Amino acid sequence: LGIGSNIYLEDKTPVATLDFQVLAGRYEQSQTMPFFTSQNINFLDDQYSPKVTGEILSPFTKDIKNVRVSAVAYNANGDIIGGGNTFVEFVPANGKAAVEVPLTCGETPVRIELYGSVTSLSDFNQ
């Protein structure tokens, strides 16, 4: 699962590394939830606003509004070099929706993955 977010700095000091902690939680058995897939992923290089386009495919039998899409970018070594996120306004039941995600990367990516996810902002239409 790929999740993206934004981190804003007060000045333009370059960041050498970021350390993340994943805190222990309490496991609760739940039903397996189907997951979104993606296809037709393309990197659009631009000096000021690079982005990635693609399609998010829904496994759900109901339409969904406000699906979060995170992009994870990799270099030739398989290292994560950047990413981005956005929301898709509408994904039809068992269908697909086009997405365009702004991307922040330290170099030109060799591979990009897109991950759709349901959040508290998502709404399953009846």
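For the structure, check the block above.
Residues numbered from 1 in each chain as written. Predicted model: local features only at pLDDT ≥ 70, side-chain atom pairs only at ≥ 80, totals over all residues. Heavy atoms only, no water.

Draft legend 1. Up close: the nonpolar core. Formed by 18 residues in total, the largest nonpolar core has its most connected members in Val52, Val69, Ala71, Val99, Val101 and Leu114. Elements represented by at least two residues in this core include exactly β2 (51-57), β3 (64-74), β4 (80-91), β5 (96-102) and β7 (111-117). Here this core takes five residues from β3, the largest share from any one element. (Core = buried A, V, L, I, M, F, W, Y, C linked by side-chain atoms within 4.5 Å. Buried < 20%, exposed > 50% of the residue type's maximum accessible area, 1.4 Å probe, protein only. Helix = DSSP H or I, 4+ residues; strand = E, 2+ residues; numbered from the N terminus.)

Draft legend 2. Here's a closer look at the environment of Glu100. Structurally, Glu100 can be placed in strand β5. Each C-alpha atom, one on Glu100 and one on Val52, is 5.7 Å from the other, the two residues being 48 residues apart in sequence. Beyond its immediate stretch of four places on either side in the chain, Glu100 contacts Lys51, Val52, Thr53 and Thr86. (Contact = heavy atoms within 4.5 Å.)

Draft legend 3. Summary view of the side chain of Ser122. Following the sequence through the fold, Ser122 ends up in the loop between β7 and β8 (123-124). Among the polar contacts listed, one links the side chain of Ser122 to the backbone oxygen of Asn66, at a separation of 2.7 Å. At 2.9 Å, the side chain of Ser122 and the backbone nitrogen of Thr119 are in polar contact. Once residues within four sequence positions are removed from consideration, Ser122 is found in contact with Ile64, Lys65, Asn66, Val67 and Ser117. (Polar contact = N/O pair within 3.5 Å; in protein donor to acceptor, adjacent residues only side chain to side chain.)

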